[in-house]
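Secondary and tertiary structure notes
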Amino acid sequence: MTRKTRPVSWIRAALKEFEAFPQEAGSICLAALTIAAEGGKADVAKPMRGMGSGVFEIALPFKGRRIPRDLRCADRR
C-alpha cells in the first residue's frame, strides 16, 4: 500500500533556523514531519492551542534545553 504524503510548507526564516539545528535534533524533527505529512502524529508533536487545525509544535529536549518549532503541513483536499 502506497502512502500519500502531503507536502510540508516552510516559512523561509524557519527553514533557515531548522537547517542550523544540530544533526540529531534535525533528524528527529524530520522523522516527526514525515509522520505528520503521512497523516499520523509523532510522539514529540502536539497540536498548538489557538493556532487552528494542522498546526503542531515539535519540542525536543536537546542538550538540556527545549528547541520548539512551529511547523504547518499543507492540507490537500
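Just so you know, the residues in each chain are numbered from 1, in the order the chain's sequence is written. Restriction of local features to residues with pLDDT of at least 70 applies here, the model being predicted, together with a cutoff of 80 or more for giving and counting side-chain atom pairs; totals for whole chains, interfaces and linings are based on all residues. Side-chain measures here rest on the full set of heavy atoms in the structure, leaving out hydrogens and waters.

1. Section: the nonpolar core
One recurring pattern in soluble globular proteins: nonpolar side chains tend to sit buried together. This is how it is decided: What we call a nonpolar core is a set of buried Ala, Val, Leu, Ile, Met, Phe, Trp, Tyr and Cys residues that are connected through their side-chain atoms within 4.5 Å. Partly exposed describes any residue whose relative accessible area lies between the buried limit of under 20% and the exposed limit of over 50%, with all areas from a 1.4 Å probe on protein chains only and scaled to the type maximum. Numbered from the N terminus, helices here are DSSP runs of H or I no shorter than four residues, and strands are runs of E no shorter than two.
By size, the foremost hydrophobic cluster in this structure holds 10 residues: F18, F21, A25, C29, A32, L33, A42, A45, I58 and L60. Mapped onto this core, the elements with two or more residues apiece are α2 (23-37) and β3 (55-62). With 4 residues, α2 is the largest single contributor of residues to this core.

2. Quick word on the packing of aromatic side chains
Where we set the bar: In summary, the pairing rule links any two rings of Phe, Tyr or Trp, Trp by its six-membered ring, whose centres are within 6.5 Å, and it sorts them by plane angle into stacked for under 30 degrees, edge-to-face for over 60 and tilted for everything else.
Across all of its chains, the model carries 2 aromatic pairs by this definition. Between W10 and F18, the ring centres sit 5.1 Å apart and the planes meet at 40°, which makes this aromatic pair tilted. For W10, a relative accessible area of 30% puts it in the partly exposed group. Between F18 and F21, the ring centres sit 5.3 Å apart and the planes meet at 55°, which makes this aromatic pair tilted. Overall, the relative accessible area of 12% leaves F18 in the buried class. An aromatic cluster is defined as three or more aromatic residues linked by ring pairs; in this entry it consists of W10, F18 and F21.

3. Things to note about the environment of K46
Quick note on the threshold: Whether two residues are in contact is decided by their heavy atoms, any of which lying within 4.5 Å being enough.
Locating K46 in the fold gives a position in strand β2 (residues 45-47). Note on K46: relative accessible area 44%, which makes it partly exposed. For the pair K46 and F56, spaced 10 residues apart in sequence, the C-alpha to C-alpha distance is 5.4 Å. Dropping the residues within four chain positions of it, K46 is found in contact with K41, V55, F56 and E57.

4. Considerations on α2
At 3.6 residues per turn, the α-helix brings residues three or four places apart onto the same side. To keep it simple, the criterion reads: Multiplying 1.5 Å by the helix residue count minus one yields the expected span of that helix. When we speak of the arc, we mean the arc of directions from the helix axis to the C-beta atoms.
Spanning 15 residues, α2 covers 21 Å between terminal C-alpha atoms, matching the ideal 21 Å at 1.5 Å per step. Residues A25, G26, C29, A32, L33, A36 and A37 constitute the buried set of α2. Down the axis of α2, the buried side of the element spans an arc of 135°, and every buried residue falls inside it. Turned more than 90 degrees away from the buried face of α2, the exposed residues are Q23 and E24. Backbone geometry just downstream of α2 places G39 in the positive-phi region, at approximately 95°.

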